[in-house]
Amino acid sequence: MALLPTLAHVVRDKAFRRDTVLGEGQRPVVRRRQPSPAHVQVLMDLCSRSGRRVVPEAGGKWASPPRLSRVNGWSRPLHSFQAVAWVTLLIMAIANFGIFIPFLPRNWKYIAYSVNGGLFFLHFLVHLIAVSIDPAEANVRFKKNYSQPVPTFDRSKHAHVIQNQYCHLCEVTVSSKAKHCSACNKCVSGFDHHCKWLNNCVGSRNYWYFFFSVASASAGLLCLIIILLYIFIQFFIDQEELRTHPYYEKVSNKNTWMLFLPLFPVKTKTPVVLGIGVFVLLLDIVSLLLLGHLLIFHLYLMAKKLSTFDYMTQGRQQQTPKASAEKEELSFQTGFPQSFT
């Protein structure tokens, strides 16, 4: 049961790149970036940061944000990471409920269906909500016309995108924690990061749905790993423990196995079952490492009462001698899991 997240953004050592999110009283600075701390690299890669600039100056050469503000994760353009996330979830669900749980003894089988089924449903639900919520500021949602193009930021008229808690692009008053995201081209309430796996910003309105999406996916992956390890061990110790389903009473060949029991029984051979098991186990382990790292990272942020954005900003301030005088900010476009995730 893997997705996303989450979360992750590799801060590459590219020279002279501008900030991608602007807050009140801040302006883009041209500065050589330093690599982010090693322990954050994997997380940052999972959520992934876009190279797009937030608000290009009029006549600038940087790639422009979308002309229309995006509403949520279903707004065009969709991201390829979304397809990867949903395909991974589908693979894990089919393998979990259709192939491997039916190999368990009867009592354990019912427990596995209940626990894994509950985690799968929770993950699917909170992930869907996190994608569908519009994380924008209240004034943006209530006053802004999403069908109207967003103006290009003209620095000859305004020094900053957000001044005195007023966004010159969204043309509304925003809260002190709001940031204008370049990928969504709107101000996001309590901005944490932009997640490519959700194709949506993660802010105060959908952060907990994002967090429980990562947590439930991690728990589901861990359960599937336990089931797979049990099956592999029993395969080499006592294969009969895996053939307790009544359908096997009609199967005399010990090299024949049944998949998709009990609704759609399909006969197959041992190498196929082992090949599927190894593939799913490897995919499961990789996904759990990324999501587990991401989950621990966000638990750490909660303990420190920081957002992902705050954490990376503080790290940049410590690495940049002049950061205390002129604050540098980054935007993150994550994962899954921003991703990691």
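For clarity, every value in this text was computed on a predicted model and none was experimentally measured.

Conventions used here
Residues numbered from 1 in each chain as written. Predicted model: local features only at pLDDT ≥ 70, side-chain atom pairs only at ≥ 80, totals over all residues. Heavy atoms only, no water. Helix = DSSP H or I, 4+ residues; strand = E, 2+ residues; numbered from the N terminus. Buried < 20%, exposed > 50% of the residue type's maximum accessible area, 1.4 Å probe, protein only. Expected span 1.5 Å × (residues − 1). UniProt positions renumbered as here; feature names shortened; annotations may be inferred. Core = buried A, V, L, I, M, F, W, Y, C linked by side-chain atoms within 4.5 Å. Contact = heavy atoms within 4.5 Å. Axes fitted to C-alpha atoms, helices over the stretch in contact; angles between N-to-C directions. Left-handed = near helix turned anticlockwise from the far one by under 90°. Nonpolar A, V, L, I, M, F, W, Y, C, P; charged D, E, K, R; others polar. Polar contact = N/O pair within 3.5 Å; in protein donor to acceptor, adjacent residues only side chain to side chain. Parallel < 35°, antiparallel > 145°, perpendicular 65-115°, else oblique.

**A word on the overall build of the protein chain**
Alright, step 1. Broken down by element type, the protein chain carries 7 helices and 10 strands.
Alright, step 2. Out of the 341 residues belonging to the protein chain, those deemed buried represent 52%.

**Observations concerning helix H6 (residues 270-304)**
Alright, step 1. Helix length check: H6, at 35 residues, gives a terminal C-alpha distance of 50 Å against a target of 51 Å (1.5 Å per residue), a fit within 8%.
Alright, step 2. Taken from the residues just after H6, Lys305 is the one with a positive phi, measuring 60 degrees.

**Quick look at unusual backbone geometry**
Alright, step 1. Here Arg76 and Pro77 are connected by a cis peptide whose omega angle stands at 0 degrees.
Alright, step 2. On the secondary structure map, Pro77 appears in the loop between helix H1 (38-47) and helix H2 (80-100).
Alright, step 3. In this structure, the amide linkage connecting Leu261 to the following residue, Pro262, adopts the cis form with an omega of 0 degrees.
Alright, step 4. As for its position among the elements, Pro262 is in the loop between strand S9 (256-259) and strand S10 (266-269).
Alright, step 5. Here the phi dihedral of Lys305 falls at roughly 60 degrees; this positive angle occurs in a residue that is not glycine.
Alright, step 6. If you trace the backbone, Lys305 turns up in the loop between H6 and helix H7 (308-319).

**Some remarks on the UniProt feature "transmembrane region" (unreviewed entry) in the protein chain**
Alright, step 1. What UniProt calls "transmembrane region" (unreviewed entry) maps, in this numbering, to residues 83-104, 110-133, 207-237 and 272-301.
Alright, step 2. End-to-end, the C-alpha atoms of residues 83-104 are 31 Å apart, and along that stretch the chain is 82% helix and 0% strand.

**Overview of the nonpolar core**
Alright, step 1. If you look at the biggest cluster of nonpolar residues, it comprises 42 residues, and the most contacted ones within it are Phe100 and Phe103.
Alright, step 2. Broken down by secondary-structure element, the contributors of at least two residues to this core are H2, helix H3 (106-132), helix H5 (207-237), S9 and H6.
Alright, step 3. Here the element with the most residues in this core is H5; it accounts for 13 residues.
Alright, step 4. If we ignore the near neighbours within four places in the chain, the residues touching Phe100 are Ala95, Ile227, Leu228, Ile231, Ile276, Gly277 and Val280.
Alright, step 5. The next biggest cluster of nonpolar side chains, apart from the first, holds 14 residues, and it includes Ala136, Cys167, Leu169 and Val172.

**Notes on the packing of H5 against H6**
Two quantities define a packed helix pair, namely the angle between the axes and the distance from one axis to the other.
Alright, step 1. Contact geometry for H5 and H6: axes closest at 8 Å, N-to-C directions at 145 degrees. The chirality of how H5 crosses H6 is left-handed.
Alright, step 2. Here the contact of H5 with H6 is composed, by residue class, of 25 nonpolar, 6 polar and 1 charged.

**Overview of the side chain of Thr270**
Alright, step 1. By the element assignment, Thr270 lies in helix H6.
Alright, step 2. Here Asn255 takes part through its side chain, which lies 2.5 Å from a polar atom of the side chain of Thr270.
Alright, step 3. A polar contact of 3.0 Å, which involves the side chain of Thr270, links it to the side chain of Trp257.

**Here's the deal with the environment of Ile99**
Alright, step 1. Relative to the assigned elements, Ile99 resides in helix H2.
Alright, step 2. Along the sequence, Ile99 and Leu259 sit 160 residues apart, while their C-alpha atoms lie 5.2 Å from each other.

**Here's the deal with the packing of H3 against H5**
Alright, step 1. Here H3 crosses H5 at 150 degrees, and the two axes come no closer than 8 Å. By the angle between their axes, H3 is roughly antiparallel relative to H5. By crossing handedness, the relation of H3 to H5 is classed as left-handed. Across from Ala112, Val115, Asn116, Leu119, Leu122, His123, Val126, His127, Ile129 and Ala130 in H3, the residues of H5 making contact are Tyr209, Phe210, Phe212, Ser213, Ser216, Ala217, Ala219, Gly220, Cys223, Leu224 and Ile227.
Alright, step 2. Grouping the amino acids of the contact of H3 with H5 by side-chain chemistry returns 15 nonpolar, 6 polar and no charged.

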